[in-house]
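Chains, contacts and geometry: an overview
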Amino acid sequence: RYCAHVLFIRGNLQSAETEEVSLMNVTWKVKANDRPYHQLPEFKKKVFLCIKKSKYSGNAIKTYKYNFLTFLPLNLYEQFRRVANVYFLALLILQIIPEISTLPWYTTLIPLVIVLGITAIKDLVDDLARHRMDNEINNRKSEVLLNGRFQEAKWREIQVGDVVRLKKNDFIPADLLLLSSSNPNSLCYVETAELDGETNLKFRMGLRVTDERLQEDHQLADFNALIECEEPNNRLDKFTGMMLWDRERYPLELDNMLLRGCKIRNTDWCHGLVIFAGGDTKIMKNGGKTRFKRTKIDELMNYMVYTIFALLILVSAGLAIGHTYWYEAIGTKAWYLFDGKDQTPGYRGFLSFWGYIIVLNTMVPISLYVSVEVIRLGQSKFINWDLQMYFAEKDTPAKARTTTLNEELGQIQYIFSDKTGTLTQNIMQFKKCTIAGRNYGDPTTAEGVSLERGKLVDWSWNRYADKKFQFIDHSLVAHVRSKKDKDAMEFFKLLSLCHTVMVEHKDDDLVYQAASPDEGALVTAARNFGYVFLSRTQDTMTIREMDQEMTYEMLALLDFNSDRKRMSIILKFPDGRIRLYCKGADTVIYERLSPSSKHKETTQTALDVFANETLRTLCLCYKDISAEEFEAWSRRHKEAQVTMNDREAALDAVYEQIENNLMLIGATAIEDKLQDGVPETIAKLAKADIKIWVLTGDKKETAENIGYSCSLLTDDMEIHYGDDVNEKLTRRQASRRDDPQAYRRGKKKTAEPFFPGSNKNALIITGGWLNEILYEKKKKRRRLRRLRLKRRQPPSNPQDGQPMDDWEKEMRQIDFVDMACECEAVICCRVTPKQKANVVSLVKKYKKAVTLSIGDGANDVNMIKTADIGVGISGQEGMQAVMSSDYAFAQFRYLQRLLLVHGRWSYIRMCKFLRFFFFKNFAFTLVHFWYSFFNGYSSQITFEDWFITLYNLAYSSLPVLLVGLLDQDVNDRLSLKFPKLYIPGQQGTLFNYKNFFISLFHGIFVSLIIFFIPYGAFLQTMGQDGEAPSDYQSFAVVAASSLIFIVNLQISLDTSYWTFVNCFAVLGSIAIYFGVMFDIHSAGIHVIFPSVFTFTGVASNALRQPYLWLTIILTVGISLLPVICIQFLSKTIWPSVGDKVQRNRKKYEMELKEDDDKKKPAPFQRGRRSRRSAYAFSHAQGYADLIASGQSFRRRPRAHGGPQESIREIPRREAENI
């Protein structure tokens, strides 16, 4: 007794110390109905210099970037953060300086203004859309208590400390403390689809004191409590605080809170006090930091631009040095070069350097960036317009919410997916069952004759039936209706009684509110088979058994938890019998069956059959209890209920004493309905070498079951759980400590695989194990422990499995990522939103892989923002994930089309575009380089000014732009048929430094041909009319004409998918060139602008010479011939997968028509080890505590203001259900 007393005192001291520490850290105080209180100096924070503002956020949210005043400066600032734009601005400044200007200023200004303007317009359109969305949310209406009465106010006007009234189906505008509601005991049902994508209802409850004293408006107006609570944070599953009111303290927890983004359901009205508003709410805190996402190609392109800058400076410097020596050796001695300027050769070389910087700047054309933006915009529109990604049922098209990441969709290596609402519909359906050794659920007649195609059961005989419930086995219905099959009757009686479902009578219909969809499916099945759950009170349950209403006294409710994997109910029948009904996972039920229980083997076989069909199984059993046995157990149960030390363990031990010697009745099989096409999509993505990880807050059993259902897990995989993973990682860590030289810092060593052999492996790990493995212990717990010990803990002992330093912690993380990446599938369950984001970060950090996250709830937002690509599932009620995503669509199956078709095409198009763009500009610019050897390195340009200005804007832009928009190597159906076509994108083989240097050398080769063949042809040449056409201007026209023909014919050779538009672009570009050239070379325009247009009559004079046309043809032929030969040899001798598919395209298209036949179902395999008995009734405990407390049932109205009577004093038949 003394020891117990000491332990009790020590426990109280520890809890008091914890409370004291937590109160020491409380700085968030909210005063009800007192707005000035929150503006006190103690609640101010510094914003800028001496400017301060309240630390309490207003309720308006802001996701836009610009306003009317800041748009122009901010947008220009953002655009000039691009090195290329700064470079072109510097070029423009250089071109204004007369001494070094070699090109007119307008050759840079016009393209720069066009690029900045187009980008600014695009940014403005995007930001206006964000403004509209913000205004739509901020201008929603709610009722707020102001000046003693409720007034309608916009969400943006709500402040911390306000009292808000909400009605049924209202969205919650801020994080509120629930004060009172129309339901008994201030019970309030909320739908959390915005937060986690789940549509099953959760309940929240106000404090008893606020429920009793805050029902009327005047009471709420006089409410002046002070709330002290935790600072705003992103923990959706936790809230701690204290309410001080009338000198009394009341503890607050998450069950008392209504979170922003949730929706009020089945509650006529409720009142709440605003605790967190706007950006401080949990849903906004969970949004994570918005990261600026850039594609790998963007990063690579920037490095290549830096490389070109370096080349440009080196070439310009070399030519400038050449000019210095040339002028000193020749220029000073040539009288005809005297310009009257007294400049040294060195200074002239310096000016020549800047002149060549201007002349050769087109190696990095400004039009590259605007062309990339146009291509990305077009590809985004193709995604938006794709009818095969349109979900007609909810009128939801696919939506590319960003235009900058399309080509990254073609390089995805890892997909991180949420489960609930993403892979599944979160809809459970009762599909099959086994009763007393006989299986039901296949198509049969009432007489039990099997059918090939089933006919749905007609439920018209049952006025309580749920019309949406579908079943095709008529024999089971006949057995139940005949009342001769006692086992079947007991089976459905158990389903109608053993649960924690709440019922609401609405318009002569029954509406069930279950803690999970599983429970609702089972109770609905019993309802349709004639065993209808009608109502419950604190200690009774009423059901209709066929045509007879029966009330059972509920003696005890033994609720489910994740350790027990079962739930039981003890009932007293009207005839006095006491019976225990139990349902749970077969692994725990079979251990507790009586030796005399029948049908164990046949039921086990049935469970294997159901598991083979990926159904979720559940065993049902019962036990008759004598009155004496129950009385003895009831006393132990009451003692366990009031114990202060580890109450849960004490209750579990008492439950074990009664849940034994059970008699098996049968088993149910529920289908956790997947979204259409999920298994096929996962299989296709796996063939494309994309690894899929499922990150869910759901239970381990549920997540594993879904893994099998969607073919992520298969029976030939060996599954490793948290303890096994931890053991392997600890062994690796120990070996590293034993042999520190081999693993010393900075020295890499190829690690041995964690799973040697060729077997397939899968990893299933919980959030708790994840923290354990990655050493992510709770910081608060460590802080409290240090405060108690009054000193910092010494460094970890190397033998205790904890890291000695940050390097060892990092190595542990690398080991975990390596192990997970060796597995075919990874499922992380019971993980928080922060853990989801951390897992994605680890893979990005240590694997340098391109990642994609897909989810549908606010708990997925952090993960979506962390990944390289974020995808939101739209069309559900929860749209928070969509608002933070880069791409959105309605069904998971559209992901394969997004990646394997649009992503692959976008990547191929962008790579082909960039390769060709760099080539055509090297070929164009380097002609100046070769010309410099013949003009004394004097920065003289080869081409006409206007040709240089229009080359990238008009003469060569459209064909390559259309390739970037429309080209495809194979069509969409073949892209899906051959997922291996996706792999080159993951490996980055189509655009890298190798491709860049190939484009560079190709450009050098073509520029050599373009310069030297016309140069040789013009030497000592005489025209037909006796004139010499070998002047500089004629040479410029011939070289320019050759260049235009080469680049347009070269892009024709690289085009895989020809359309009328492509043909028009190629021919049109050549036509535009000649049309513009003849116009600007005409005498008429020269007369108007004599100093601007100086090539008068050159085109007509030069191009009438057949000799020069032969020169152009020779130049074009020699430039293109090697390319044609290389392409022919590569496709013939070293064909890629894409080349092979293209070659046999017609054959494969014929096969596709034949492949539309139905796939054969997988054969049944007996004795499988993968039976899923996932007893996944809820993510947490059910409504058992709520039912047992009686707080969900109506109270009798008070008589004459007297004290409230206990619900136990109300006759059972008068107790009204919610």
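Residues numbered from 1 in each chain as written. Predicted model: local features only at pLDDT ≥ 70, side-chain atom pairs only at ≥ 80, totals over all residues. Heavy atoms only, no water.

- Going by what an unreviewed UniProt entry lists, the protein is known as Phospholipid-transporting ATPase and is assigned to Astatotilapia calliptera.
- Checking UniProt for the protein, the heading Sequence similarities (unreviewed entry) contains the comment "Belongs to the cation transport ATPase (P-type) (TC 3.A.3) family. Type IV subfamily."
- Recorded under Cofactor (unreviewed entry), the UniProt text for the protein is reproduced unchanged: "Mg(2+)". (UniProt positions renumbered as here; feature names shortened; annotations may be inferred.)

Observations regarding the overall build of the protein
- When helices and strands are counted, the protein shows 41 helices and 35 strands.
- Each of the 1218 residues in the protein was classed as buried or not, and the buried ones make up 53%.
- Partitioning the intrachain contacts of the protein with sequence separation of at least 6 by distance along the chain shows that 74% fall at a separation of at least 24.
- For the protein, the accessible surface area stands at approximately 56,200 Å², while carbon and sulfur atoms represent 55% of it. (Helix = DSSP H or I, 4+ residues; strand = E, 2+ residues; numbered from the N terminus. Buried < 20%, exposed > 50% of the residue type's maximum accessible area, 1.4 Å probe, protein only. Contact = heavy atoms within 4.5 Å. Areas by Shrake-Rupley, 256 points an atom, 1.4 Å probe, with all protein chains shown as cover.)

So, the packing of helix α34 (residues 1032–1054) against helix α38 (residues 1106–1133)
- Remark: α34 packs on α38, axes separated minimally by 9 Å, with the N-to-C direction vectors making an angle of 30°. With respect to α38, the element α34 is oriented roughly parallel. Every pair of crossing elements has a handedness; the one defined by α34 and α38 is right-handed. Where α34 abuts α38, its residues Val 1038, Ser 1041, Ser 1042, Phe 1045, Ile 1046, Leu 1049, Gln 1050, Leu 1053 and Asp 1054 lie against Leu 1108, Trp 1109, Thr 1111, Ile 1112, Thr 1115, Val 1116, Ser 1119, Leu 1120, Val 1123, Ile 1124 and Gln 1127.
- Looking at the contact of α34 with α38 residue by residue, the class counts come to 12 nonpolar, 7 polar and 1 charged. (Axes fitted to C-alpha atoms, helices over the stretch in contact; angles between N-to-C directions. Parallel < 35°, antiparallel > 145°, perpendicular 65-115°, else oblique. Left-handed = near helix turned anticlockwise from the far one by under 90°. Nonpolar A, V, L, I, M, F, W, Y, C, P; charged D, E, K, R; others polar.)

Observations concerning the sheet that holds strand β11 (residues 240–245)
- An order of β1-β10-β11-β12 is seen for the 4 strands of this open sheet, with the pairing classed as antiparallel. The open sheet has two edge strands with one neighbour each: β1 (28–31) and β12 (248–253). The average angle at which neighbouring strand axes cross in this sheet is 20°, direction not considered.
- Sheet analysis places β1 next to strand β10 (residues 226–229), joined by 4 bridges and oriented antiparallel. Among the inter-strand pairings, Lys 29 is bridged to a residue of β10, identified as Glu 228. (Pairing = 2+ DSSP bridges.)

Overview of the nonpolar core
- If you look at the biggest cluster of nonpolar residues, it comprises 97 residues, and the most contacted ones within it are Phe 913, Leu 914, Phe 918, Phe 943, Phe 947 and Leu 1043.
- Among the elements that make up this core, the one with the highest residue count is helix α28 (residues 894–932) (17 residues).
- In this structure Phe 918 touches Met 301, Met 304, Ile 308, Leu 368, Phe 991, Phe 996 and Ser 999, once residues within four positions along its chain are discounted.
- With 56 residues, the next largest nonpolar core counts Val 30, Ile 158, Leu 179 and Leu 259 among its residues. (Core = buried A, V, L, I, M, F, W, Y, C linked by side-chain atoms within 4.5 Å.)

What about the packing of aromatic side chains?
- Under the defined criterion, the tally for this structure stands at 68 aromatic pairs.
- Consider the rings of Phe 630 and Trp 633, whose centres lie 6.1 Å apart with planes at 35°: the pair is tilted. Highlighted residues: Phe 630 and Trp 633, both in helix α17 (residues 627–642), separated by 3 residues, approximately one helical turn. You'll find Phe 630 and Trp 633 in the same group, each marked buried.
- For the pair Phe 924 and Tyr 951, a centre-to-centre distance of 4.2 Å together with 25° between the ring planes defines the contact as stacked. Here Phe 924 is found in helix α28, whereas its partner Tyr 951 is found in helix α29 (residues 945–955), with 27 residues between them in sequence. (Phe/Tyr/Trp six-rings, centres within 6.5 Å; stacked < 30°, edge-to-face > 60°.)

Quick notes on the side chain of Asp 860
- Note on placement: Asp 860 falls in the loop between β33 (851–855) and α26 (861–866).
- Residues in contact with Asp 860, not counting those within four places in the same chain, are Asp 418, Lys 836 and Gly 855.

Considerations on the pattern of salt bridges
- Tallied over the entire structure, the rule returns 43 salt bridges.
- Note that Glu 212 is salt-bridged to Arg 208, the shortest N-O span being 3.1 Å. Remark: Arg 208 and Glu 212 occur in helix α6 (residues 208–213); sequence separation between them is 4 residues, near one turn of the helix.
- A residue is classified by how much of its surface remains accessible, and Glu 212, at 33% relative accessible area, is partly exposed.
- The exposed category is assigned to Arg 208, whose relative accessible area is 62%.
- With a closest N to O distance of 2.4 Å, Arg 376 and Glu 407 form a salt bridge. (Salt bridge = Lys/Arg side-chain N within 4 Å of Asp/Glu carboxyl O.)

Here's the deal with the side chain of Arg 165
- In this fold, Arg 165 is placed in strand β6 (residues 163–167).
- Arg 165 sits in the buried class, given a relative accessible area of 19%.
- A distance of 2.8 Å separates polar atoms of two side chains, one belonging to Arg 165 and the other to Asp 217.
- A distance of 3.2 Å separates the side chain of Arg 165 from the side chain of His 271, its partner in a polar contact.
- Each residue touching Arg 165, except ones within four places of it in the same chain, is listed here: Glu 143, Phe 150, Asp 217, Cys 270 and His 271. (Polar contact = N/O pair within 3.5 Å; in protein donor to acceptor, adjacent residues only side chain to side chain.)

Focus: helix α21 (residues 722–738)
- Spanning 17 residues, α21 covers 24 Å between terminal C-alpha atoms, matching the ideal 24 Å at 1.5 Å per step.
- Of the positions making up α21, those classed as buried are Gly 722, Val 725, Asn 726, Lys 728, Leu 729, Arg 732, Gln 733 and Arg 736. The arc that holds every buried residue of α21, seen down its axis, measures 165°, which confines them to one face.
- On its buried face, α21 sits against β30 (717–720), β31 (760–766), α22 (767–774) and α24 (806–822). (Expected span 1.5 Å × (residues − 1). Arc of directions from axis to C-beta.)

A look at unusual backbone geometry
- Phi is positive for Ala 436, close to 50°, though the residue is something other than glycine.
- With respect to the helices, strands and loops of the structure, Ala 436 is situated in the loop between β18 (424–435) and β19 (438–440).
- With a relative accessible area of 21%, Ala 436 lands in the partly exposed category.
- Backbone geometry places Tyr 937, a non-glycine residue, at a positive phi of 55°.
- The residue Tyr 937 is located in the loop between α28 and α29 in this model.
- Judged by its relative accessible area of 18%, Tyr 937 falls in the buried class.

Quick look at the environment of Met 910
- Note that Met 910 resides in helix α28.
- Placed 80 residues apart in sequence, Met 910 and Leu 990 show a C-alpha to C-alpha distance of 9.5 Å.
- Sequence-distant contacts of Met 910, defined by excluding residues within four places in its chain, comprise Ile 297, Val 372, Ile 375, Arg 376 and Glu 407.

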